[in-house]
Amino acid sequence: MDHVLSLKCLICGKEYAPHEVDYVCPDHGNDGILDVQYDYDLIAQRISLGDLLHSTDHTIWRYKALLPIQPDSPVPPLAVGWTPLYRADWSAAQLGLKHLWIKDDGRQPTASFKDRASAVGVVKAQERGAKIITTASTGNAAAALAGLCASVRQANVIFVPESAPQAKIAQLLVFGSTVLLVKGSYDQAFELCLLAAKEYGWYNRNTGYNPYMTEGKKTASYEICEQLGWQAPDRVFVSVGDGCIIGGLHKGLKDLLALGWIDRLPKLMGVQAAGSAYMAQAWANDEDVLTKPAIQATTLADSISAGLPRDRIKAMAAVRETDGAYLQVSDQEILAAIPALARGCAVFAEPAGAAAYAGLLKAVGEGLVSPDERTVVLVTGSGLKDVASAMKSVQQVGTQPHYVGPDLGDVRRVMDGISFIPGE
Ligand SMILES: *Cc1c(COP(=O)(O)O)cnc(C)c1O
Ligand SMILES: [Zn+2]
């Protein structure tokens, strides 16, 4: 791992050798998030755009030379990454935009973006010889860890709030994880997981605590830029809970800039649920995220419900340093975005995934996006993760099934009342 220079504390700037610390800066408790520093000259000697052009590895491991793992570490067999980037011309035209793409990370092996981080987490745990890996999660990070662990037969213990959607809990149980359903919030599950990990000596994959999660998540930026022929987009919309994804996107873009593979950074647009808008508030009011206290988070978009975003330092830098913005969308706007995204772009998202699209709609409505900008919306999780919210979303727009008896007369009765309007 000679391409990794150090792990640098984002509060005090102190640098540690990778073998010295596994998680946060010892001087700053759980807030001392570390950032992996690379030797880009060395990386440039080991991987080139030409290599990628000829690579037949269509997973995140095509970028292995840019990841903080040993070159000879075995990687899990699940196909994580290289998710499709769809042009969304019809929706773009409706919105008065010329260039819109949807990156569908609902297509990951466990159906959310979190597979990118868990894949790297499992490799790091195995490099450390860990017997057990643990994480707290609103559901998707847990499902991702459960699936990735199953793929390498690694034992794991998962803490999720008991209110997590059924599909996510089902994934954990089916993959064979030891599941602790916490009678409390995600924030409480997080604290409990840290305590338990210390007590039992488990390897900790927690978001905004384990510095390598950002590094897995940054691969989405590599893919977006590569899929666009190494022409960075102008804007990327992404939903924000703990802030690890947006921080990861930023890190990936900075890597590409350092290597000279792109020539500028897109504006990162962080979208939060109005009921869980810690970052959006801090951004709007210019508050310091190191002193701003936790808020009470309530939103139906469970994956972005976080009272104290664990990766808030990186998440704030991502928006500030790219001249982006934070936006808030209501739960109603999130629900409305589920069918809008599915009908306009044919991507079925869970609420937190659709929130990014709701953010785009809001930004366009406010005149923040100019028609010529090349815009990407990152859909972070599949709609099948939360069918109850999907059903609510169609009720909200008045879409209902038609009940018929098993005879053609009934079908005629229904069809007589329906007209198909071209283009609708
Ligand atoms: C985790 C998650 C997010 C938010 O990511 P953070 O790193 O917590 O900001 C968004 N959407 C989905 C579907 C997620 O699972
Ligand atoms: Zn420190």
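Residues numbered from 1 in each chain as written. Chains lettered and ligands numbered in written order. Predicted model: local features only at pLDDT ≥ 70, side-chain atom pairs only at ≥ 80, totals over all residues. Heavy atoms only, no water.

Participant: Can you help me understand the overall build of the chain in this one?
Facilitator: Looking only at helices and strands, the chain features 16 helices and 13 strands. Computed over the C-alpha atoms, the radius of gyration of the chain is 21 Å, within 12% of the 22 Å expected from 2.2 N^0.38 for a compact globule of 424 residues. Counting only C-alpha atoms and orienting by the principal axes, one finds that the chain spans roughly 75 × 45 × 45 Å. For the chain, buried positions account for 57% of its 424 residues. Within the chain, residue pairs in contact and separated by at least 24 positions form 70% of the contacts whose partners lie at least 6 positions apart. For the chain, the exposed surface amounts to about 17,300 Å²; the carbon and sulfur share of it is 53%. (Helix = DSSP H or I, 4+ residues; strand = E, 2+ residues; numbered from the N terminus. Rg over C-alpha atoms; globule rule 2.2 N^0.38 Å. Buried < 20%, exposed > 50% of the residue type's maximum accessible area, 1.4 Å probe, protein only. Contact = heavy atoms within 4.5 Å. Areas by Shrake-Rupley, 256 points an atom, 1.4 Å probe, with all protein chains shown as cover.)

Participant: For this particular structure, what's the right way to read the site of ligand 1?
Facilitator: Contacts to ligand 1 come from 16 residues, most closely from Lys 114, Gly 241, Asp 242, Gly 243 and Thr 380. Asn 140 places a side-chain nitrogen or oxygen 2.8 Å from an oxygen atom of ligand 1. Protein contacts shield 98% of the accessible area of ligand 1, which totals 380 Å² for the unbound molecule. Class assignment for the residues of the shell around ligand 1 results in five nonpolar, seven polar and four charged. (Near = heavy atom within 4 Å. Polar contact = N/O pair within 3.5 Å; in protein donor to acceptor, adjacent residues only side chain to side chain. Nonpolar A, V, L, I, M, F, W, Y, C, P; charged D, E, K, R; others polar.)

Participant: Would you mind showing me how to read the coordination of the zinc ion (ligand 2) here?
Facilitator: Angles between donor atoms at a metal ideally measure 109.5 degrees for a four-coordinate tetrahedral arrangement and either 90 or 180 degrees for a six-coordinate octahedral one. Donor atoms from the polypeptide that coordinate the zinc ion (ligand 2) comprise Cys 9 (SG), Cys 12 (SG), Cys 25 (SG) and His 28 (ND1), at 2.1 to 2.4 Å from the metal. Geometry at the zinc ion (ligand 2) is tetrahedral, judged from the four donor atoms that bind it and their angles of 101 to 116° at the metal. (Donors = N, O, S within 2.8 Å, 3.2 Å for Na, K, Ca; no water. Tetrahedral: all angles 85-135°; square planar, octahedral: opposite > 155°, others 65-115°.)

Participant: Please explain the packing of helix α5 (residues 140–152) against helix α6 (residues 166–175) as it appears in this structure.
Facilitator: When two helices pack together, their arrangement is captured by the angle between the axes and the distance separating the axes. Running from N to C, α5 and α6 point in directions that differ by 20°, and their axes come no closer than 9 Å. Overall, the two elements α5 and α6 adopt an arrangement that is roughly parallel. Pair α5 / α6 crosses with left-handed handedness. On α6, the residues that touch Asn 140, Ala 142, Ala 143, Ala 146, Gly 147 and Ala 150 of α5 are Lys 168, Gln 171, Leu 172 and Phe 175. For the contact of α5 with α6, a count of residues per class yields six nonpolar, three polar and one charged. (Axes fitted to C-alpha atoms, helices over the stretch in contact; angles between N-to-C directions. Parallel < 35°, antiparallel > 145°, perpendicular 65-115°, else oblique. Left-handed = near helix turned anticlockwise from the far one by under 90°.)

Participant: Would you mind showing me how to read the side chain of Glu 226 here?
Facilitator: Looking at where Glu 226 falls in the secondary structure, it is placed in helix α9 (residues 219–227). Every residue in contact with Glu 226, bar those within four places of it in the chain, is listed here: Leu 52, Arg 62, Tyr 63 and Trp 82.

Participant: What is the right way to look at the pairing of strand β3 (residues 34–38) in this model?
Facilitator: On a regular strand, each side chain points to the face opposite its neighbour's, so the side chains alternate between the two faces of the sheet. Counting buried positions along β3 yields four of five residues, so the element is predominantly enclosed. Pairing between strand β1 (residues 4–9) and β3: five bridges, direction antiparallel. Along β3, the bridge assignment pairs Cys 9 with Leu 34. (Pairing = 2+ DSSP bridges.)

Participant: Sorry, what's going on with the sheet that holds strand β4 (residues 85–87) here?
Facilitator: In sheet architecture, strand pairing relies on hydrogen bonds along the backbone and comes in two forms, parallel and antiparallel. Taken together, six strands build an open sheet; the order of strands is β4-β5-β13-β10-β11-β12 and the sheet is mixed. In the strand order of this sheet, the two ends are held by β4 and β12 (325–329), each with one partner. The mean angle between the axes of side-by-side strands here comes to 25°, regardless of whether they run parallel or antiparallel. Contacting β5 (99–104), β11 (267–273), β12 and β13 (374–379), helix α13 (residues 331–345) crosses the sheet at an angle of about 100° to β12.

Participant: Just to check I follow, could you spell out the nonpolar core for this structure?
Facilitator: Note on soluble globular proteins: their nonpolar side chains tend to be buried together. Core analysis: the biggest nonpolar cluster contains 93 residues, and Trp 61, Phe 159, Ile 246, Leu 249, Trp 261, Met 279 and Tyr 326 have the highest contact counts within it. Beyond its immediate stretch of four places on either side in the chain, Met 279 contacts Val 240, Gln 272, Val 289, Pro 309, Arg 312, Ala 315, Met 316 and Tyr 326. (Core = buried A, V, L, I, M, F, W, Y, C linked by side-chain atoms within 4.5 Å.)

Participant: Just checking my understanding: could you explain the sheet that holds strand β6 (residues 132–136) for this structure?
Facilitator: Pairing in this open sheet of four strands is parallel, and the strands run β8-β7-β6-β9 from one edge to the other. The open sheet has two edge strands with one neighbour each: β8 (178–182) and β9 (203–204). Here β6 pairs with strand β7 (residues 155–161) via five bridges, running parallel. Directly across from Ile 133, in β7, lies its bridge partner Asn 156. The strands touched by helix α7 (residues 186–200) within the sheet are β6, β7, β8 and β9, with β6 carrying the most contacts at an inclination of about 155°.

Any link to function would need more than the numbers given here.
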